[in-house]
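# A closer look at the structure
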Amino acid sequence: MSPSPADIRRAVAVLRAGGLVAFPTETVYGLGADASQPAAVQRVFAVKGRPADHPVIVHLADAEALGEWAAEVPPAAALLAARCWPGPLTVIVRRAAGVPDEVTGGLETVGLRVPDQPVALALLREFAEQGAGGIAAPSANRFGRVSPTTAADVRADLGDAVDLVLDGGACRVGVESTIVDCTRAEPAILRLGGLARERIEELLGQPVPVRRVEGGAGDVRAPGTLVSHYAPDARVVMVDAASLARAADEALGRGLRVGVIGEKLPHDLPVGVAVLAEPVDDADYARHLYRHLRAADAAGLDTVLAIVPDQVGIGAAVADRLRRAAHVVEGGT
Ligand code: TXA
Ligand code: MG
């Protein structure tokens, strides 16, 4: 059942008291704390098992609040916020003076977004009406694991460590927001996600490169950009449709329990392969990707063979998450 206005008020009270509230967004569930309370934000890190120097996204009720969190709003950020919020987009801007170090991981920048999900917006609006600002929220999973797309996922991963879980049903987009760094002259994508790169380029009227951030020590502290992230226990292997049956045969021959995911699965799959999912399109693939990866673990599979979608639109975000789940390092580093 969807949260009632009383549930929303209770959640706001929990946040104001320094507690943690997991809430749905259109992308994945977030683990929220009052962004103006450093101790509450620190609790988020403790519960996630995430290193304390990683920055977290601040969720806002509307685009007008952008100016309160940013030291300056570059034209690209203003345009994207006006056109894409509420929506699966995070903009990185220089932080305003009052934004706590716990939120930014000590960086001079802050990530901001307005989610497009009725429960999230009700929560953010009620929170703002009570004079509070933004809700700092990473994805509501343990560090390095697959993001939760249902309230049940959150409870399975974080259990009683969360004070309240608002259940808004399954997430519509299913992969995290697209992150656009607007702090430099040339905007760049730091993480592919729910908002298509093509749409961002169309709005900005210029190419927007994907700036790959490798995950080595001393690098930019952006865990969603670590090469090994969003990973289930099962080994994920990226394949194309033509090589799927052969790869499955080979894995079965080694005694492994094998599952497959892909649009238009071949008909000649070897006996013994578990079909985890056959998404009807890239949006469907994105929406349920993390559920399928969790299902693979629940079924005790050793290997997941995933057919990688074409890297256009949200298919690019699916390919990106598969790459990270597979621990494939680009460029050999
Ligand atoms: O869709 C989403 O973005 C979800 C929902 C809950 O909003 N949130 C999410 O948060 O994915 P998280 O913390 O799991 O991933 C946010 C990513 C991290 O890689 C973080 O390092 C990066 O955003 N990030 C946050 N602030 C940043 C900043 N100032 N500069 C660079 N990267 C930043
Ligand atoms: Mg995350």
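To be clear, the structure that these remarks concern was listed above.
These remarks concern the structure in this document. (Residues numbered from 1 in each chain as written. Chains lettered and ligands numbered in written order. Predicted model: local features only at pLDDT ≥ 70, side-chain atom pairs only at ≥ 80, totals over all residues. Heavy atoms only, no water.)

## Focus: helix α11 (residues 314-325)
If you check α11, its first and last C-alpha atoms are 17 Å apart, about what twelve residues at 1.5 Å a residue would give, namely 16 Å. Among the twelve residues in α11, twelve count as buried, and that is most of the element. Looking only at α11, the buried set comprises I314, G315, A316, A317, V318, A319, D320, R321, L322, R323, R324 and A325. Elements that come into contact with the buried residues of α11 comprise β9 (188-191), β10 (235-239), α10 (282-298) and β13 (303-307). (Helix = DSSP H or I, 4+ residues; strand = E, 2+ residues; numbered from the N terminus. Expected span 1.5 Å × (residues − 1). Buried < 20%, exposed > 50% of the residue type's maximum accessible area, 1.4 Å probe, protein only. Contact = heavy atoms within 4.5 Å.)

## Digging into the sheet that holds strand β8 (residues 178-181)
With respect to topology, nine strands assemble into an open sheet ordered β7-β1-β2-β6-β3-β5-β4-β8-β9, the strand pairing being mixed. Sheet topology places β7 (164-165) and β9 at the edges, where each strand pairs with a single neighbour. Two strands pair when backbone bridges link them, and strand β1 (residues 21-23) and β7 are joined in this way by two bridges, in the parallel orientation. When the sheet's bridge partners are listed, A22 is paired in β7 with V165. (Pairing = 2+ DSSP bridges.)

## Some remarks on the sheet that holds strand β12 (residues 274-277)
The four strands lie next to each other as β10-β13-β11-β12, forming an open sheet whose pairing is parallel. Every other strand in the sheet has two partners, leaving β10 and β12 as the edge strands with one partner each. Taken pair by pair, the neighbouring strands of this sheet meet at an average axis angle of 30 degrees, ignoring direction. In terms of strand pairing, β10 meets β13 through five bridges, oriented parallel. Within β13, the position partnered with R235 by the bridge is T303. Sheet contacts for helix α9 (residues 241-253): β10, β11 (258-261) and β13; angle to β13, the most-contacted strand, approximately 170 degrees. Seen against the sheet, α10 touches β10, β11, β12 and β13 and runs at an angle of roughly 140 degrees to β12. (Axes fitted to C-alpha atoms, helices over the stretch in contact; angles between N-to-C directions.)

## Focus: the side chain of E263
Among the secondary structure elements, E263 is positioned in the loop between β11 and β12. An unpaired buried charge is present at E263: no salt bridge exists, and K264, the closest side chain of opposite charge, is 4.9 Å distant. A distance of 3.5 Å separates a polar side-chain atom of E263 from the backbone nitrogen of D282. Not counting the four nearest positions on each side in its chain, E263 is found in contact with P279, D281, D282, Y285, I307 and P309. (Lys, Arg positive; Asp, Glu negative; His and termini not counted. Salt bridge = Lys/Arg side-chain N within 4 Å of Asp/Glu carboxyl O. Polar contact = N/O pair within 3.5 Å; in protein donor to acceptor, adjacent residues only side chain to side chain.)

## Let's talk about the nonpolar core
Counting 62 residues, the largest nonpolar core has L80, L89, V91, L112 and I200 as the members making the most contacts within it. In terms of domain composition, this core takes at least three residues from each of domain 1 (5-204) and domain 2 (235-326). Excluding residues within four positions of it along the chain, L80 makes contact with W85, L89, V91, V180, C182, I200, L203 and L204. One finds A11, V12, V14 and A137 within the second-largest nonpolar core, a separate group that totals 18 residues. (Core = buried A, V, L, I, M, F, W, Y, C linked by side-chain atoms within 4.5 Å. Domains from an automatic or database assignment.)

## Quick word on helix α8 (residues 197-204)
All of the buried residues in α8 are I200, L203 and L204. Here the buried residues of α8 occupy an arc of 90 degrees about the axis, which is enough to place them on one side. The secondary structure elements touched by the buried residues of α8 are α4 (75-84), β4 (89-94), β8 and β9. G205 sits one or two positions beyond α8 and adopts a positive phi of about 65 degrees. (Arc of directions from axis to C-beta.)

## Notes on the packing of helix α1 (residues 5-16) against helix α6 (residues 118-129)
Running from amino to carboxyl end, α1 crosses α6 at an angle of 55 degrees, the nearest separation of the two axes being 9 Å. Classed by the angle they form, the pair α1 and α6 counts as oblique. In the packing of α1 onto α6, the handedness of the crossing is right-handed. Residue-level inspection shows I8, R9, A11, V12, L15 and R16 of α1 in contact with α6, the latter providing V119, A122, L123, E126 and F127. Taken together, the residues that form the contact of α1 with α6 break down as eight nonpolar, no polar and three charged. (Parallel < 35°, antiparallel > 145°, perpendicular 65-115°, else oblique. Left-handed = near helix turned anticlockwise from the far one by under 90°. Nonpolar A, V, L, I, M, F, W, Y, C, P; charged D, E, K, R; others polar.)

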